[in-house]
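Here's the letter readout for the chains.
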There are 4 protein chains.
Amino acid sequence: MTNLIKNIAVLTSGGDAPGMNACIRAVVRTAIFNNIGVYGAIQGYEGLINNNLKKLDSRSVSGIIHLGGTILKTARSLEFKTDEGMQKAYNNLKANEIDALVVIGGDGTFKGAKEFSEKFGIKVIGIPGTIDNDLYGTDFTIGYDTALNTTIEAIDKIRDTADSHDRLFFIEVMGRDSGCIALRSAICTGAEAVLLPERDTTIEELVQELVAGSAAKKNSRIVIVAEGNKLGSAYEVSKMVKYRVQNYDPKVTVLGHLQRGGSPSAFDRILAGRLGFSAVNELLKGSTNCMVGLSGNNIIVTQLNEALTQHTFKLENDLMEMKEILSI
Amino acid sequence: MTNLIKNIAVLTSGGDAPGMNACIRAVVRTAIFNNIGVYGAIQGYEGLINNNLKKLDSRSVSGIIHLGGTILKTARSLEFKTDEGMQKAYNNLKANEIDALVVIGGDGTFKGAKEFSEKFGIKVIGIPGTIDNDLYGTDFTIGYDTALNTTIEAIDKIRDTADSHDRLFFIEVMGRDSGCIALRSAICTGAEAVLLPERDTTIEELVQELVAGSAAKKNSRIVIVAEGNKLGSAYEVSKMVKYRVQNYDPKVTVLGHLQRGGSPSAFDRILAGRLGFSAVNELLKGSTNCMVGLSGNNIIVTQLNEALTQHTFKLENDLMEMKEILSI
Amino acid sequence: MTNLIKNIAVLTSGGDAPGMNACIRAVVRTAIFNNIGVYGAIQGYEGLINNNLKKLDSRSVSGIIHLGGTILKTARSLEFKTDEGMQKAYNNLKANEIDALVVIGGDGTFKGAKEFSEKFGIKVIGIPGTIDNDLYGTDFTIGYDTALNTTIEAIDKIRDTADSHDRLFFIEVMGRDSGCIALRSAICTGAEAVLLPERDTTIEELVQELVAGSAAKKNSRIVIVAEGNKLGSAYEVSKMVKYRVQNYDPKVTVLGHLQRGGSPSAFDRILAGRLGFSAVNELLKGSTNCMVGLSGNNIIVTQLNEALTQHTFKLENDLMEMKEILSI
Amino acid sequence: MTNLIKNIAVLTSGGDAPGMNACIRAVVRTAIFNNIGVYGAIQGYEGLINNNLKKLDSRSVSGIIHLGGTILKTARSLEFKTDEGMQKAYNNLKANEIDALVVIGGDGTFKGAKEFSEKFGIKVIGIPGTIDNDLYGTDFTIGYDTALNTTIEAIDKIRDTADSHDRLFFIEVMGRDSGCIALRSAICTGAEAVLLPERDTTIEELVQELVAGSAAKKNSRIVIVAEGNKLGSAYEVSKMVKYRVQNYDPKVTVLGHLQRGGSPSAFDRILAGRLGFSAVNELLKGSTNCMVGLSGNNIIVTQLNEALTQHTFKLENDLMEMKEILSI
């Protein structure tokens, strides 16, 4: 098959995730290796709309593989959801002789790409990049492994002081809809309890679990609170618990965007490299309207249509059961 | 002078701080080297009152120099503030032939030690251990350097994502009465603004500073919020700012006890070693009712009476001025 | 099926790997949850031979999930390769009413376990724990992910100084027979060249690659040297290069056992938990003479016979190709 | 006094050190705040000679405070030691209306600056930046604290595996002439022995120390080897020890330039900020041919003449003695 692609644009959209830079680097260098020109769109789809496109060569992605964040910046674009916005973006791509788009991001990013592709016939490939790991079509998303490592390093530090004080700690972690980070970080740190978006826990159940932990002579008690759980924020839950068990003096940490930053882990750098490399190779093969992902140790390709309509995440029930047993 | 001390007890009290274990190790080994027996009191003064004393030998402090927290655990003891509590503690010391006490902690710890010493004639030496660096008689307290490093690592990570998004971040750091960690971490991370307990800032001044930063084309804006500042918590301040500048979408991180944990830095390990070593040597010289501290590169000794009555901390005005100039 | 197992022993053998403690914890707690007693054998098979067995309860594995190394210590046992050694080990197991063995380690460990099981009818389950990731029957071994992260953190630091100096660096990483760590760390850090045990490179090829990198205006040049490559140690290779390109002033770092230590990554903690949990569950199902492993996101079971006779590792050719393209 | 300085140049020379970027940022912003223009000379004195001077504004030093290495690059310039080289440098300074020079580096850097200043009347201020901490006129040099932290983190990791194996490790750390890093890192990690440039140890003394450690039932034995010690490299010493005590199987790590990299610690960022800030303020006051340094918690100024002729470093004997006692 002949390579009919002259130039591509690459962009990062939605929440940033560690490893996005490593992925940009892989996209750029694989394209250049195949004699395709590359533009970086600044601030996601906004860059397409505003013609904020930067020509990238091999050296322009030197020294970024280990950096958190994204050198292309990211944003959520309201304008790209409108016909006018999409038209502007299309015009700018045409003006720059850009034939295809590689978008790195999550669900929202892919949705925009799919519509854009269907409407204007631009080829698009999606690369899953989000710390939430809540996408269909890949075992892991870029940034998730780093975010987990960052989270458990923080919790390990809180454990130091928890053990010295026999105290109770509530740690709020990211996850509006997905308890992935919360559950896995609870397992990784031996947390006593975890509140998840996917599973309801009553305040009474939580208190009972904590009291049982005290009876088992545990030194310290740590509760991981996913943002999206039903009981409330870490502050709110801590107050509810204190009201019921007065001798606890609970302390709260809210990790927030700390979890998005940091240098990407080896796992994320390899994943980012492989996905960026494969995305360009898929374009060369003529693929479009699909995403690349990791399944086991292999790269797989899923149509965006399928990726966006399938249920994206089932809480890993075996891990849930294991968590209960390992924290006895 | 003859060494009339048969046994000593060592304890950690108040908030735990990284480096306390390195200090315990130094006290234990220096005492044993000088043929003095050592007991560790578990949970600070509570351990004295409840006779929860553990005989320590050289090997019992092996493998702890790099650990956060304190193997002796710590607590705030209400009972030790009563005559009965102190009497119990004294009786237990006598029963175990313990002649002197080395206490590692902050102001409250030293106050208790001083009263106890004056009432019962037990020799005491204080070692400054607190992440707040708010004690008279030493340039640095054990744990402060590590807490600062932990704080700036966290802020560096948030900067990654801030830069990718042109966003505004509020980061709450420790410091009820002392802005030490807040000011220094602001300087270390090039934060745009800092709210301190020692200096009033109005919400209008803060907003003005942030808007000026935007005008200067800064990528991202980070505001460090010390717990004890007058405007409110990081959440409260972020809401006040958002109310005034609607296009900001501020995000909040509350570091909390994360700042207390972690492996002590080289600086804190050396400081902990020197102060623990010196505390025992002071006892050998016959000193009592004093604290050891660091002045420049030298160990100094200050009477507890003086340490507790002097003003403890003046915000470093030269650093304050420098902060303004360096964040232009 | 009835659970006929009264007690099990768990041991770590061969080189230690981060995550072994998390795995021990999982084995112990899963067993206790199923009313099986657990003994820890100290120093691997030596502990069986010398009856150095420690009864473990739930609390005895508290606070170890995040620690590097192994609380059970590890050793290579020559005596266990003799009939007398195995007989002693068997006698001690019988005397302690131990019916099954969980062994955490690599090839050598599994080989000993298999022979022991065949000779004495003791049930054994193997868990792959080695930083080298060179075992058949699992995508990843416990410790590999952490070792990779440790390695790339070290190389990232060297890159700082490399960039400031336009200098050439040789970094020796672990891998006598397997280039896994070398190849992946080279990809993760954008190294200019990598010397692997599985692939011959001549000194002329290496020099050519480095000179081409200079021509491409790269700031710095880093060469990753796996221990087992054919050209020689990092020191030796650096001298050969300097002899050929005199204006380079190459510097050498030998990471050595640094790569074995450190707190296990999230990936390794989850993997260790799942494998330890599954190993005990396999014993409950009546399995023996097999190993548990990870395939994609699933736990799989492989007979030790198969695991030990299959070729263990094929250098990932797609990663090799990708490495060349991404470092243009 | 009137400020007669129109422009200054800043450069980094000699070995790079973490914190140099934070210092460059402080110099640039303090100058700009005082309406002085700033040029950065690329690759130290080479940049002056080759007119490789880059105009720096406030934004050009954004986002560098936390980066290791130096954005201005560094080099050792042979040409600057010649009259011709100095003359070229002077001509370029004049052509760019540069009246003063701020140089960040070590002894060699200061020596060049002093001669240049004396010969051509250019104002110079030196800032001590080197990981070796071997300069007169300051308690600490920029980069030393970070290098120490990097070193002890590495040794802590090796300790993990050392403890699991009862093994002997030799770790080579930087220090040709100065044992600062070696001695302090030995104290910080509880190493069993340390070989220093400043103190002769025979191989027999070393072996005796290690054997005594074994008798004291220590789990593991770590020996820190400063590059410049008299017995030889870590490899050589390990072979000498193995020859004498055969049952040891010593392992070697050579940290090398790993110690130069990494994000600067809080201590180094504050120090870099204060010294850069003070250097410009000294120029404003009319000072020249001097260096700024830290004494206790204060900034002090020392004439380069004095700094270069005084003995620079005395091994801290109290720390040496303390090391012996604390590793019992």
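Residues numbered from 1 in each chain as written. Chains lettered and ligands numbered in written order. Predicted model: local features only at pLDDT ≥ 70, side-chain atom pairs only at ≥ 80, totals over all residues. Heavy atoms only, no water.

With an unreviewed UniProt entry as reference, chain A is termed ATP-dependent 6-phosphofructokinase, source organism Pedobacter flavus. Word for word, the UniProt comment on chain A under Function (unreviewed entry) is "Catalyzes the phosphorylation of D-fructose 6-phosphate to fructose 1,6-bisphosphate by ATP, the first committing step of glycolysis." UniProt, in its Cofactor (unreviewed entry) section for chain A, records the words "Mg(2+)". (UniProt positions renumbered as here; feature names shortened; annotations may be inferred.)

Peer 1: Can you help me understand the relation of the copies chain A and chain C in this one?
Peer 2: Between the two chain copies there is a screw-like relation: a rotation about an axis and a shift along it. Overlaying chain A on chain C yields an RMSD of 0.0 Å, the required transformation being a rotation through 180° with an accompanying axial translation of 0.0 Å. The symmetry that links the two subunits is that of a two-fold axis. Minimal C-alpha separation from the rotation axis in chain A is found for Gly296(A), amounting to 1.5 Å. (Least-squares fit on C-alpha atoms with pLDDT ≥ 70 in both.)

Peer 1: Looking at this structure, I do not really get the arrangement of the chains. What am I missing?
Peer 2: In this assembly chain B lies apart from chain C, the nearest approach of their C-alpha atoms being 11 Å. One finds no contact between chain A and chain D; the C-alpha atoms of the two approach each other to within 11 Å at their closest. (Contact = heavy atoms within 4.5 Å.)

Peer 1: What should I look at first to understand the sheet that holds strand E10 (residues 290-295) of chain D in this one?
Peer 2: Sheet strands pair via backbone hydrogen bonds, and the direction of the pair is either parallel or antiparallel. All names here are of chain D. On the basis of which strands lie adjacent, the open sheet formed by 7 strands has the order E3-E2-E1-E4-E5-E10-E11 and mixed pairing. A strand with exactly one partner marks an edge of an open sheet, and here the two such strands are strand E3 (53-56) and strand E11 (298-303). Taken over all neighbouring pairs, the strand axes of this sheet differ in orientation by 30° on average, direction set aside. Where strand E1 (residues 7-12) meets strand E2 (residues 37-41), 4 bridges bridge the pair, whose relative direction is parallel. Bridging across to E2, Val10 finds its partner in Gly40. (Pairing = 2+ DSSP bridges. Helix = DSSP H or I, 4+ residues; strand = E, 2+ residues; numbered from the N terminus. Axes fitted to C-alpha atoms, helices over the stretch in contact; angles between N-to-C directions.)

Peer 1: Can you walk me through the domain arrangement of chain A in this structure?
Peer 2: Accessible area lost when the parts come together is the quantity often used to give the size of an interface. Residue and element names in this part refer to chain A. Domain boundaries assigned for chain A yield domain 1 (7-143 + 264-309) and domain 2 (144-261). With 17 residues of domain 1 at the interface, the matching set in domain 2 holds 13 residues. Across the interface of domain 1 and domain 2, roughly 1,100 Å² is buried in total on both sides, 54% from carbon and sulfur atoms. Seen at the junction of domain 1 and domain 2, the total is 0 salt bridges. Summed over the shared surface of domain 1 and domain 2, the result is 9 residue pairs in polar contact (both at pLDDT 80 or more). Among the residues forming the side of domain 1 that touches domain 2, the class breakdown is 7 nonpolar, 6 polar and 4 charged. (Domains from an automatic or database assignment. Buried area = accessible area lost by both parts, 1.4 Å probe. Salt bridge = Lys/Arg side-chain N within 4 Å of Asp/Glu carboxyl O. Polar contact = N/O pair within 3.5 Å; in protein donor to acceptor, adjacent residues only side chain to side chain. Nonpolar A, V, L, I, M, F, W, Y, C, P; charged D, E, K, R; others polar.)

Peer 1: I keep staring at the pattern of salt bridges and nothing clicks. Help me out?
Peer 2: Side chains bearing opposite charge may pair, as long as their charged atoms lie close to each other. For the coordinates displayed, the defined rule picks out 56 salt bridges over all chains. Of the charged contacts in the structure, one is a salt bridge between Glu79(B) and Lys88(B), with a shortest N-O distance of 2.8 Å. A residue is classified by how much of its surface remains accessible, and Glu79(B), at 29% relative accessible area, is partly exposed. Residue classification places Lys88(B) among the partly exposed positions, given a relative accessible area of 40%. Close ionic contact of Lys230(B) with Asp200(B) constitutes a salt bridge, the shortest N to O distance being 3.9 Å. Pair noted here: Lys230(B) is in the loop between strand E8 (221-226) and helix H8 (234-244) and Asp200(B) is in the loop between strand E7 (193-195) and helix H7 (203-215), with a separation of 30 residues, a long-range link. Asp200(B) sits in the exposed class, given a relative accessible area of 58%. Salt bridges linked by common partners bring Arg167(A), Asp249(A) and Lys251(A) together as one network. (Buried < 20%, exposed > 50% of the residue type's maximum accessible area, 1.4 Å probe, protein only.)

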